[in-house]
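Next come the chains, spelled out residue by residue.
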Amino acid sequence: MNGSLLLQTQKIGVSFGGVHAVKEVDFSLFEGELRCLIGPNGAGKSTFFKMLSGQVSPTRGQCLYRGKVISGMRPWEIARLGIGIKTQVPSVFEGLSVWDNLWQAAAIRLEKRAIAAAIDEVLQDIGLTAVKNAILSELAHGQRQWVELGMILISRPQLVLLDEPAAGMTHHEVRKTAELIKAINQQSTVVVVEHDMEFISMIAQQVTVFNQGAVLAEGTFAEVTAQQSVKDAYLGNMEIKHAAN
Ligand SMILES: Nc1ncnc2c1ncn2[C@@H]1O[C@H](COP(=O)(O)OP(=O)(O)OP(=O)(O)O)[C@@H](O)[C@H]1O
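Just so it is clear, the structure is predicted and the values come from calculations on it, not from any experiment.

Overall, mixed pairing links the six strands, which are arranged E6-E7-E8-E3-E9-E10 in an open sheet. Each having just a single partner strand, strand E6 (83-86) and strand E10 (214-220) make up the two edges of the open sheet. Across the sheet, the axes of successive neighbouring strands diverge by a mean angle of 15 degrees, strand direction being ignored. Note: strand E7 (residues 159-163) against strand E8 (residues 189-193), five bridges, orientation parallel. Counted as the bridge partner of leucine 159 is threonine 189 from E8. Relative to E7, helix H1 (residues 45-53) is tilted by about 145 degrees, and along the sheet it contacts strand E3 (34-38), E6, E7, E8 and strand E9 (206-211).

To continue, consider the packing of aromatic side chains. Considering all chains together, one arrives at two aromatic pairs under this definition. Pairing phenylalanine 27 with phenylalanine 48 gives two aromatic rings, centres 5.2 Å apart and planes at 70 degrees, and the pair type is edge-to-face. In this pair, phenylalanine 27 is assigned in strand E2 (residues 19-30) and phenylalanine 48 in helix H1, connecting sequence segments 21 residues apart. Given the relative accessible area of 1%, phenylalanine 27 is considered buried. Measuring from ring centre to ring centre gives 5.0 Å for phenylalanine 48 and phenylalanine 210, while their planes differ by 45 degrees; the resulting arrangement is tilted. Separated by 162 residues along the polypeptide, phenylalanine 48 in helix H1 and phenylalanine 210 in strand E9 bring together distant segments of the chain. With a relative accessible area of 0%, phenylalanine 48 lands in the buried category. What links up through ring pairs into an aromatic cluster is the set Phe27, Phe48 and Phe210. One Lys or Arg, lysine 176, reaches over the ring of tryptophan 146 and ends 3.7 Å from the middle of that ring.

This part takes up the site of the ligand. Residues in close proximity to the ligand include Phe16, Val19, Ala21, Pro40, Asn41, Gly42, Ala43, Gly44, Lys45, Ser46, Thr47 and His195, which together make up its full environment. A distance of 3.0 Å is found between an oxygen atom of the ligand and a backbone nitrogen or oxygen belonging to alanine 43. Serine 46 has a polar backbone atom sitting 2.9 Å from an oxygen atom of the ligand. Calculation on the ligand without its partners gives an accessible area of 630 Å², and the protein chains cover 59% of this total. Sorting the residues of the shell around the ligand by element identifies E2 and H1 as the ones contributing at least two each.

With respect to the secondary-structure elements, serine 97 resides in the loop between E6 and helix H3 (98-106). We classify serine 97 as buried; its relative accessible area is 8%. Of note is the side chain of serine 97, whose polar atom sits 3.0 Å from the backbone nitrogen of aspartate 100. The residues touching serine 97, leaving out its near neighbours within four places in the chain, are Lys132, Asn133, Ala134, Ile135 and Leu136.

Further remarks concern the environment of methionine 169. Looking at where methionine 169 falls in the secondary structure, it is placed in the loop between E7 and helix H6 (171-185). On the basis of relative accessible area, methionine 169 is assigned to the buried category, the value being 12%. Methionine 169 sits 60 residues away from arginine 109 along the chain, and the two C-alpha atoms are 30 Å apart. Those residues within four positions of methionine 169 in sequence are excluded, and the remaining contacts are His141, Gly142, Gln145, Trp146, Val174 and Thr177.

This part takes up the layout of surface pockets. The calculated volume of the largest pocket comes to roughly 640 Å³. Lining of the largest pocket is provided by 21 residues; of these, Ala79, Ile83, Gly84, Ile108 and Ser155 occupy positions nearest its centre. Secondary structure elements with two or more residues in the lining of the largest pocket: helix H2 (75-80), E6, H3 and helix H5 (141-155). Tallied by class, residues from the lining of the largest pocket come to 11 nonpolar, seven polar and three charged.

Right, let's get into the sheet that holds strand E4 (residues 60-65). Read across the open sheet, the four strands follow the order E2-E1-E4-E5; overall the sheet is antiparallel. In the strand order of this sheet, the two ends are held by E2 and strand E5 (68-69), each with one partner. Across the sheet, H1 is in contact with strand E1 (5-16), E2 and E4; its angle to E1 comes to roughly 120 degrees.

Conventions adopted
- Residues numbered from 1 in each chain as written.
- Predicted model: local features only at pLDDT ≥ 70, side-chain atom pairs only at ≥ 80, totals over all residues.
- Heavy atoms only, no water.
- Pairing = 2+ DSSP bridges.
- Helix = DSSP H or I, 4+ residues; strand = E, 2+ residues; numbered from the N terminus.
- Axes fitted to C-alpha atoms, helices over the stretch in contact; angles between N-to-C directions.
- Contact = heavy atoms within 4.5 Å.
- Phe/Tyr/Trp six-rings, centres within 6.5 Å; stacked < 30°, edge-to-face > 60°.
- Buried < 20%, exposed > 50% of the residue type's maximum accessible area, 1.4 Å probe, protein only.
- Lys NZ or Arg CZ within 6 Å of the ring centre and 35° of its normal.
- Near = heavy atom within 4 Å.
- Polar contact = N/O pair within 3.5 Å; in protein donor to acceptor, adjacent residues only side chain to side chain.
- Areas by Shrake-Rupley, 256 points an atom, 1.4 Å probe, with all protein chains shown as cover.
- 1 Å grid on protein atoms, 1.4 Å probe; cavity = no way out; pocket = protein on both sides within 12 Å on 5 of 7 lines; lining within 4 Å.
- Points joined across faces, edges and corners; volume = space filled by probe spheres on them.
- Nonpolar A, V, L, I, M, F, W, Y, C, P; charged D, E, K, R; others polar.

Have a look at this one:
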């Protein structure tokens, strides 16, 4: 499934005052991947993610997307390249309905006459057909997250960057979110930063483990979770279940 090199960082890093949040990270992502970034608190994974999405500018190194330097660009400039970004702060239209939110996202890619059918399909995927006319601010936390994932699904970016998409969700919601991310990965390359190891086990293909601002390990979920250095730095006595994908 994996194709050509899509995104690459070359010795990318950032320091805040004296704190080297991300040191000099070399990272390669190939078309079609669903890559998870994990690691202990303060490991630098969110900061690394924010350098990919343009929320943080690196102080060293660079990031290339399809061979073009994107580090230093702002998030909306990066979005214009066909990269969908879901940050920890939901970027939905609070005052609009579920339907209208999806409409906004669909209109970027689709002709007017194709939009309604596409929205109906995505509403089914995200399981929100029954609340399609509800205003976003009236929805539960999980539902709002799914609307945003639905907006990504409908706009079909080439690359999707997701920062903690399962944060604050119940077990049931986490399962559904995992299914949605796998659906997004059918059409887009995906990078996910996440804490919830159960969620990671449901979606993970390749995993990159961060520790102290550097990449500690990379490989399949089974490979990295079996690695002693990962257990020492991150997993400790955490019980790892290997979900059937
Ligand atoms: N804006 C900032 N100003 C100063 N220090 C920062 C800033 N952002 C991150 N840091 C520091 O950089 C280091 C890496 O933080 P980061 O949030 O990237 O880690 P993380 O792996 O995502 O952790 P968590 O899982 O807790 O979110 C930490 O020491 C953090 O305190």
